[in-house]
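# Descriptive analysis of the structure
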Amino acid sequence: APQTPALAHGALARGIGGTDTRRSFELAVENMTCGKCVGRVERALKTVQGVVAVNVELSSGRVKVEGAGLSDMSALITALEDLGYPAQD
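First, a word on what this report is: a plain description of the structure on this page. Bear in mind that the values here come from a model prediction, so they are computed numbers and not experimental data. (Residues numbered from 1 in each chain as written. Predicted model: local features only at pLDDT ≥ 70, side-chain atom pairs only at ≥ 80, totals over all residues. Heavy atoms only, no water.)

## Examining the nonpolar core
The cut-off we apply is this: By nonpolar core we mean a set of buried residues, namely Ala, Val, Leu, Ile, Met, Phe, Trp, Tyr and Cys, connected to one another through side-chain atoms within 4.5 Å. Each residue gets one of three labels from its accessible area relative to the maximum for its type: buried under 20%, exposed over 50%, partly exposed in between, using a 1.4 Å probe on protein chains only. Counting from the N terminus, the helices are the DSSP runs of H or I reaching at least four residues and the strands are the DSSP runs of E reaching at least two. In this description, contact between two residues means that some pair of their heavy atoms is separated by no more than 4.5 Å.
Counting residues in each nonpolar core, the largest one holds 22 residues, and the members touching the most others are Val29, Met32, Val41, Leu45, Val63, Leu76 and Leu80. Looking at this core, the elements with two or more residues in it are β1 (22-29), α1 (35-46), β2 (51-57), β3 (62-68) and α2 (74-81). In contact with Leu45, other than residues within four places in its own chain, are Val51, Val54, Val63, Val65, Leu76 and Leu80.

## Examining the pairing of β3
To keep things clear, this is the line we draw: Following DSSP output, two strands are said to pair if at least two bridges run between them.
Covered by surrounding structure in β3 are Val63, Val65 and Gly67 only, the residues Arg62, Lys64, Glu66 and Ala68 on the alternate face being uncovered. For β1 and β3, the ladder comprises 7 bridges, and the chain directions are antiparallel. Looking across to β3, one finds that Arg22 is bridged to Ala68. As paired elements, β2 and β3 share 6 bridges and run antiparallel to each other.

## A word on the pattern of salt bridges
Heads up, the condition is: Any Lys or Arg side-chain nitrogen located within 4 Å of an Asp or Glu carboxyl oxygen qualifies as a salt bridge.
What the rule picks out here adds up to 2 salt bridges. Taking the shortest distance from any N to any O, the salt bridge between Arg22 and Glu66 comes out at 3.1 Å. Residue Arg22 is located in strand β1, and its partner Glu66 is located in strand β3; the two are separated by 44 residues in the primary sequence. Put simply, Arg62 and Glu26 hold a salt bridge, and the shortest N to O gap is 3.6 Å. With Arg62 in strand β3 and Glu26 in strand β1, the pair connects residues that are 36 residues apart, well separated along the chain. When its relative accessible area of 29% is taken as the criterion, Arg62 is described as partly exposed. For Glu26, a relative accessible area of 34% corresponds to the partly exposed category.

Written as structure tokens, this is what we have:
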């Protein structure tokens, strides 16, 4: 299988972890106020190609996403913003 470059978009990608294609990203997500918001955020992120795990912390407004072949956070941020949850790294 072809490998994804470690950091295809330089500073945009702030992956945590090793040099393989499985990466972790952390995002700050706005407008999450309840358990339903958590569910919406989880479902939206799981639709992004390559996402294998999502951990949402409502109290801190932080989301950790693990994926295979994700080179940056742009698709993750877009998926959240399309639902009305602004996100940033």
